Amino acid sequence: MKKTVLVSGGAGFIGSHVTVELVEAGYDVVVADNMSNCDMTCFDGVTKIIGRRLPFIRMDFCDMEAVERLFSDYQIDAVIHFAAFKAVGESVAEPILYYRNNLSSFLNVLEAARSHGGCNVLFSSSATVYGEPDETPVTERSPRQPATSPYGNTKQMCEDFLRDAVKAYPEIKGIALRYFNPIGAHPSALIGELPRGVPNNLVPFITQTAIGKRECLNIFGNDYPTPDGTCLRDYIDIVDLAKAHVCAVARMLDGRMKEPYEIFNIGTGRPVSVLELVNAFEKVNGVKVNHRFAPRRAGDVTAIWADPSLANRELGWKAERSVEDTLAAAWAWEKHLAGK
Ligand code: UFG
């Protein structure tokens with residue numbers, strides 16, 4: 001029988017790409033989102049890519065009754081929880097908002113999973129839990145560092161919620177995927193990143209600068225102790241990242257987990273500097289990205305990249321797309337948005 005996967009926050013950037021890959025892998029998917037940080041662009045894009053409209057429930061995961069109803073209306077075999085606020089700076093300014101939203105929505109998912117006889121729960125975590133690592137690349141055994149923002153703290157706390165829930169309730173199994181820096185867009189250019197206002201993240205800022213929406217990209221810091229002085233990150237293609245979720249869900253549903261709670265790094269294992277990324281974008285797309293060096297951004301870590309070997313081995317997953325192809329997809333998406 002076909003298994004059903006609930007994708008909370010499924011109308012957003014990562015959720016919409018994961019939804020497509022789940023459908024293509026043969027799962028029934030239910031999408032739920034409160035649309036607080038997106039519009040229907042990506043959900044409509046998903047409909048076009050897969051050729052049919054999936055069940056969509058507009059709801060807030062902080063509303064326990066709505067979550068209960070959802071779990072009653074559908075026989076959910078696995079839930080992938082994306083629904084959360086994600087802006088680091090905003091979380092510093094509005095910690096209560098972030099704690100209330102990100103923590104209570106996940107607690108509600110865990111509670112409903114439990115009261116409905118158990119469920120497989122995949123939590124979308126982040127490399128932010130490693131903070132400024134002592135050693136790179138980081139493995140899943142590298143220590144978590146004290147969070148430097150309420151956002152980062154919610155990722156750590158939700159990981160702990162899942163770990164403890166799995167320990168207490170054998171009917172719940174959990175996987176946390178720690179994403180490095182997801183970038184790019186679907187090759188169809190029908191779904192992609194849709195930041196509201198001025199982008200915080202590098203690639204949307206690059207594409208918006210290239211298309212003329214922003215005047216100039218500020219490269220935050222060129223005096224870091226790295227080969228070219230700019231920060232190093234592990235940029236992971238969004239479709240590759242989405243496929244990791246399909247592998248993780250299959251592992252849970254097929255009973256292949258080695259522990260009831262598992263953690264995997266989802267990255268390429270390849271460090272790329274900010275400057276290298278900008279240069280690669282210009283080269284592969286044949287466009288200029290106006291940029292200048294600016295002071296360091298508070299809270300940025302110097303260098304972090306993944307050791308993805310555990311995910312490679314255990315999930316049978318590997319990042320495949322080159323950074324050039326990913327940057328070409330990001331540009332195609334920006335042009336699609338601009339109607340070009
Ligand atoms: N950068 C710039 N200019 C910009 C935007 C970013 O130079 O306009 C640089 C940053 O300084 C950093 C790199 O590009 O060196 C990547 O920055 P992003 O904001 O794209 O990504 P981060 O590595 O800061 O963010 C990631 C995740 C977040 C997570 C955060 C925690 O995207 O979800 O790590 O530190 F919270």
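Residues numbered from 1 in each chain as written. Predicted model: local features only at pLDDT ≥ 70, side-chain atom pairs only at ≥ 80, totals over all residues. Heavy atoms only, no water.

**Let's talk about the environment of Asp33**
Take Asp33: it is sitting in strand β2 (residues 28-33). When the C-alpha atoms of Asp33 and Ile57 are compared, they prove to be 6.6 Å apart, with 24 residues separating the residues in sequence. The residues contacting Asp33, other than those within four sequence positions of it, are Gly9, Gly10, Ala11, Gly12, Cys38, Phe56, Ile57, Arg58 and Met59. At 2.9 Å, the side chain of Asp33 and the backbone nitrogen of Ala11 are in polar contact. (Helix = DSSP H or I, 4+ residues; strand = E, 2+ residues; numbered from the N terminus. Contact = heavy atoms within 4.5 Å. Polar contact = N/O pair within 3.5 Å; in protein donor to acceptor, adjacent residues only side chain to side chain.)

**Considering the nonpolar core**
The biggest cluster of nonpolar side chains holds 48 residues, and the ones touching the most others in it are Leu22, Tyr27, Leu177, Val249 and Ile266. It is helix α8 (residues 238-253) that contributes the most residues to this core, 11 residues altogether. Two domains share this core, each providing at least three of its residues, namely domain 1 (4-183 + 235-266) and domain 2 (202-233 + 269-337). Excluding residues that lie within four positions of it along the chain, Val249 makes contacts with Val5, Leu22, Tyr27, Ala78, Ile80 and Leu122. (Core = buried A, V, L, I, M, F, W, Y, C linked by side-chain atoms within 4.5 Å. Buried < 20%, exposed > 50% of the residue type's maximum accessible area, 1.4 Å probe, protein only. Domains from an automatic or database assignment.)

**A few points about the sheet that holds strand β6 (residues 172-179)**
A sheet is described by the order of its strands in space; here 7 strands give the open sequence β3-β2-β1-β4-β5-β6-β11, paired in parallel fashion. Whereas interior strands pair on both sides, the edge strands pair on one side only; in this sheet they are β3 (56-58) and β11 (261-266). Adjacent strand axes in the sheet meet at a mean angle of 20° when their direction is disregarded. Lying on the sheet, helix α5 (residues 95-115) is in contact with β4 (78-81), β5 (119-126) and β6; it crosses β5 at an angle near 165°. Against the sheet, α8 makes contact with β1 (4-8), β4, β5, β6 and β11, and its axis sits at roughly 160° relative to β6, the strand it touches most. (Pairing = 2+ DSSP bridges. Axes fitted to C-alpha atoms, helices over the stretch in contact; angles between N-to-C directions.)

**Digging into the site of the ligand**
In the vicinity of the ligand there are 18 residues, among which Tyr151, Leu202, Asn218, Arg233 and Asp300 approach most closely. A distance of 3.1 Å separates an oxygen atom of the ligand from a polar atom in the side chain of Asn201. Between Phe220 and the ligand, the recorded distance is 2.9 Å, taken from a backbone N or O atom to an oxygen atom. Look at the ligand: alone it shows 680 Å² of surface, and the protein chains cover 87% of it. At 4 residues, strand β8 (residues 217-220) tops the list of elements feeding residues into the shell around the ligand. In terms of residue class, the shell around the ligand is made up of 10 nonpolar, 5 polar and 3 charged. Residue contributions to the shell around the ligand reach at least three from each of two domains, namely domain 1 (4-183 + 235-266) and domain 2 (202-233 + 269-337). (Near = heavy atom within 4 Å. Areas by Shrake-Rupley, 256 points an atom, 1.4 Å probe, with all protein chains shown as cover. Nonpolar A, V, L, I, M, F, W, Y, C, P; charged D, E, K, R; others polar.)

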